[in-house]
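What the coordinates show
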Amino acid sequence: QTQVNIGLQCRFCHVFGREERAGQKRKPSSTVQSWSPPYRYDNIEGHMSKQHREKWALYKALETDEEREVFFLEHDEVYRNTL
């Protein structure tokens, strides 16, 4: 049986929320960014570099999948406890 992916949601939005930018007049949106197929990497990369600048830079510097998963663990636990 084939499963079809119907959409993606930003894990950074779920776990960390959006970052505030210097000089921003409004508070960051609390909505979670989502995308539907066909996925365009430039849209996802743009969202990450604008809305999660600091965390995204730290994440991109990680070298292994294990390091990337650990990056979210501490914060994921907080998120899971709110469900």
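If you're wondering where the values come from, they're calculated on a predicted model, not measured in any experiment. (Residues numbered from 1 in each chain as written. Predicted model: local features only at pLDDT ≥ 70, side-chain atom pairs only at ≥ 80, totals over all residues. Heavy atoms only, no water.)

1. Topic: the overall build of the protein
Operational definition: In this description a helix means any DSSP run of H or I spanning at least four residues, a strand means any run of E spanning at least two, and both kinds are numbered starting from the N terminus. For every residue, the accessible area obtained with a 1.4 Å probe (protein chains only) is divided by the maximum for its type, and the residue is called buried under 20%, exposed over 50%, and partly exposed between those limits. Shrake-Rupley sampling with a 1.4 Å probe provides the accessible areas, and residues are treated as covered by the protein chains on show and by no other component.
Scanning the protein from terminus to terminus reveals four helices and two strands. Shown N-terminal to C-terminal, the secondary structure of the protein runs as helices and strands in the order β-α-β-α-α-α. Within the protein, buried positions represent 22% of all 83 residues. Within the structure as shown, the protein displays about 6,800 Å² of accessible surface, and the carbon and sulfur contribution to it stands at 50%.

2. Here we look at the confidence of the model for the protein
One rule of thumb: low pLDDT means the predicted coordinates there are not for detailed reading. In plain terms, the rule: Each residue carries a pLDDT value, the predictor's own confidence for that position, ranging from 0 to 100.
Of the residues in the protein, 89% reach a pLDDT of 70 or more, and the chain-wide mean stands at 83. Looking over the protein, one finds the lowest element-wise mean pLDDT in helix α4 (residues 65-80), namely 74, and the highest in helix α2 (residues 41-51), namely 93.

3. Overview of the packing of aromatic side chains
The geometry of an aromatic ring pair comes down to the distance between the two centres and the angle between the two planes. Basically, it comes down to this: Two rings from Phe, Tyr or Trp (for Trp, the six-membered ring) form a pair when their centres sit within 6.5 Å of each other. Planes less than 30 degrees apart are called stacked, planes more than 60 degrees apart edge-to-face, and all others tilted.
Using the criterion set out here, one finds 11 aromatic pairs in the structure. Aromatic side chains Phe12 and Tyr59 sit 5.4 Å apart centroid to centroid with 85 degrees between the ring planes, which places their arrangement in the edge-to-face category. Of the two residues, Phe12 sits in helix α1 (residues 11-16) while Tyr59 sits in helix α3 (residues 53-61), which places them 47 residues apart along the sequence. Assigned by exposure class, Phe12 and Tyr59 land together as buried. Here the aromatic rings of Phe12 and Phe71 are separated by 6.1 Å at their centres, their planes lie at 50 degrees, and the arrangement is tilted. Here Phe71 lies in helix α4 and Phe12 lies in helix α1, a separation of 59 residues in the sequence. Note on Phe71: relative accessible area 17%, which makes it buried. One aromatic cluster is present, built from ring pairs that chain together Phe12, Phe16, Trp56, Tyr59, Phe71 and Phe72.

4. Examining the nonpolar core
As a reminder, the rule being used: To form a nonpolar core, buried Ala, Val, Leu, Ile, Met, Phe, Trp, Tyr and Cys residues must be joined to one another through side-chain atoms within 4.5 Å.
Counting residues in hydrophobic clusters, the biggest one holds 11 residues: Cys10, Phe12, Cys13, Val15, Trp35, Ile44, Met48, Trp56, Tyr59, Phe71 and Phe72. Residue assignment for this core shows that the elements contributing at least two residues are α1, α2, α3 and α4.

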